[in-house]
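Architecture and fold: a report
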Amino acid sequence: MITKRIIPCLDVRDGRVVKGVNFEGIKDVASPVDMAKFYNESGADELVFYDITASHEGRRLFTDILRQAASEVFIPLTVGGGINTLDDFDRVLKCGADKVSVNSGAIKNPELIGKAAKKYGDQCVVLSMDVKRVDGQFRVFQNGGRIDTGIDALEWAVYGQKNGAGELVVNSIDTDGLKNGFDLEMLKAISDLVTIPVIASGGAGKKEDFLDLFNAGVADAGLAASIFHFKQVNIKELKLYLRENNIEMRI
Amino acid sequence: MIAIIDYGCGNLFSLSRSLQFLGIESKITGDAAEISDADKIILPGVGAFGDAAEKLNSTGHADLLKKLAKEGRYILGICLGMQLLFEKSYEYGEHSGLGLLEGGVYPLDADISGLKVPHMGWNKLDIVRDDPIFANTGKDDYFYFVHSFYAKNCDSCLLATAEYGVDVPAVAGRDNVYGTQFHPEKSGEKGLALLKTFAEL
C-alpha cells in the first residue's frame, strides 16, 4: 500500500530559500539546491519549490535553480508560484518538475486547471489554495494570503477536482506559522468532499502534529517548511516515529 | 551507451539526468542508427497508450524495437513504456502494443474499490521471481508510482508486484526485455540503484 508522504517546501525568493511566519518576517535559510540534497538524504518523499513572490510581483521562477536541483535529486518535484499559463507549465516541466502547482493563476483563470490537465495529465496538476476562516466560511485567499477572493474553499476544491486537478494542497492561513498543529477541522471539511489526495500545509510544529494529521485521516501528505529548515523536526526521525505508530512510511 | 528513445512522449529530463548522475553514458534519440548502435535501450513514456503506440508505429520505432529485442538487445520500458511492451491495452478502446511481453493493460479503477486512481505515491515491491535486475533491490525498498492502468494476465513475465487493492505488476521481464511500472528516475537512491543494475546487465 502507498505510504503517507512527508514533503518539505522550499519557498524561494531571489534564488534563496526563505520562510515567513504568517507570510511575514521572512528569514533567509539556505541555498535551494543544497537544501534539496539535504532533504533527499533525510528521506523526504517529495519536494515543493515555491516562488513566494512570483504571483505578487509577477516574477518568473528561477528555472536554472530548478534544473540544478532536478539534476541532483531524483524524487518527485513540484513547482509553484507564478504559474499563470500553459507556457509556465511547459517551462518548469522542461526543467525537471513532475507536478505543477497553481494557485493565484487558477483563481484568475479557472480554465487553466482543465487545460493543463488535458495537456499534461491530471497527475501533473496540483491545485494549491490558501484558506482562512471568514464569517464562519472557509474562504480562498490570494497573493500569499493578502487578498480575500470571496471564493468558498469547499466549492473551489470540488471545482478543482472536477476539472482535472490531481492533488490539492490546503494551506491554512489560520494555523500557518503557529506551530500548534495542522488545521484538522479545515482539512476534514475539504477532504470529505474530494477523492484526490490532499496535502496538508500550515501549522506543523512537532512530530506529534503529523501523527495527529494522519490518524485523523484527513490528508495523504504533510507539508512543512520552517520546522524542517530550522531542524526543529528531523525528517528521518519523524518518519521512524510515524512508522512506530503504525503509519506506513518509506524509510 | 544507453539510448533513451525520443518519440515525443514524456519528459526525459530526469531520466537522462539520473543516468548522467550515475556516470552512465546515454543519449536521448529518435535516430534509428543511433538506437541500433546502443548497448541498451530505455523506452520511456507518459500519456495515453493509444497516442504513444501510434507514434512508435509511425516513427518506425516499433518495428526497430521488435527486431532489436529479438536479437537480444536489453530494453527497459518505464511506466507507459513498460505498458507498451505488452500485447494489448484497453485504455480508452483497444490498442496493440509491441507484444514483447505476454499480457495486457487494463484500467485499474475497474478492479479496485475505495482507493484513489491514479495509484500515485511510494509503494513497496513483492518480488515474485528472483532476477538479476533485483541485484541491488530489497523487499523493503519503495518506488514511486503514477499510473491509472496496469498489466494483467502477465504471469509468464511477472517479476514483482506492488499491493494497491490488487497485486499491481511493478516489474516485468523476460530474457532481455524489462519493464517497471514505477519511475526509477524518481524513486530516490533505490531507483538509481535499479537503473544502475539494468545498465550493468
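Residues numbered from 1 in each chain as written. Chains lettered and ligands numbered in written order. Predicted model: local features only at pLDDT ≥ 70, side-chain atom pairs only at ≥ 80, totals over all residues. Heavy atoms only, no water.

Between chain B and chain A, the contact holds 26 residues from the first and 33 residues from the second. Taking both sides of the interface into account, the surface hidden between chain B and chain A amounts to around 2300 Å²; carbon and sulfur atoms contribute 60%. When the area that chain B buries against chain A is broken down by residue, the three leading residues are Met120, Trp122 and Lys186 of chain B, summing to 30%. Seen at the junction of chain B and chain A, the total is two salt bridges. A salt bridge links Asp220 of chain A to Lys116 of chain B, with the nearest nitrogen and oxygen atoms 2.9 Å apart. Counting every contact that joins chain B to chain A gives 13 residue pairs in polar contact (both at pLDDT 80 or more). Elements represented by at least two residues in the side of chain B that touches chain A include exactly α1 (13–21), β8 (119–124), β10 (142–147), β12 (158–164) and α6 (188–200) of chain B. Residues that form the side of chain B that touches chain A fall into these classes: 12 nonpolar, nine polar and five charged. (Contact = heavy atoms within 4.5 Å. Buried area = accessible area lost by both parts, 1.4 Å probe. Salt bridge = Lys/Arg side-chain N within 4 Å of Asp/Glu carboxyl O. Polar contact = N/O pair within 3.5 Å; in protein donor to acceptor, adjacent residues only side chain to side chain. Helix = DSSP H or I, 4+ residues; strand = E, 2+ residues; numbered from the N terminus. Nonpolar A, V, L, I, M, F, W, Y, C, P; charged D, E, K, R; others polar.)

Residues shown with low pLDDT carry predicted positions that ought not to be read at fine detail. Scored by pLDDT, chain B has a mean of 95; 99% of the residues are at 70 or more. On the interface metric, ipTM, the complex scores 0.91, and its pTM is 0.93. (pLDDT = per-residue confidence, 0-100.)

Right, let's talk about the pattern of salt bridges for a bit. Residues and elements named next belong to chain A. For the coordinates displayed, the defined rule picks out 28 salt bridges over all chains. Here Asp174 and Lys132 are joined by a salt bridge, their closest N and O atoms 3.8 Å apart. Taken together, the residues Asp174 in the loop between β10 (167–172) and α8 (184–191) and Lys132 in strand β7 (residues 125–134) connect sequence positions 42 residues apart. Using a relative accessible area of 23% as the deciding quantity, one classes Asp174 as partly exposed. Under the relative-accessibility criterion, Lys132 is labelled partly exposed at 29%. (Buried < 20%, exposed > 50% of the residue type's maximum accessible area, 1.4 Å probe, protein only.)

All right, on to the pairing of strand β12 (residues 221–224) of chain A then. All names here are of chain A. Side chains of β12 alternate between two faces, with Ala221 and Leu223 and Gly222 and Ala224 buried alike. Inspection of the sheet shows strand β1 (residues 5–13) paired to β12 by four bridges, in the parallel sense. Looking at the pairing, Arg5 lines up with Ala221 of β12. Bridge count for strand β11 (residues 198–201) against β12 is three bridges, and the pairing is parallel. Paired with Ile199 across the strands is Ala221, a residue of β12. Between the parallel elements β11 and β12, the chain passes through helix α9 (residues 207–215) in a crossover that is right-handed. (Pairing = 2+ DSSP bridges. Right-handed = clockwise from strand over helix to strand, strands pointing away.)

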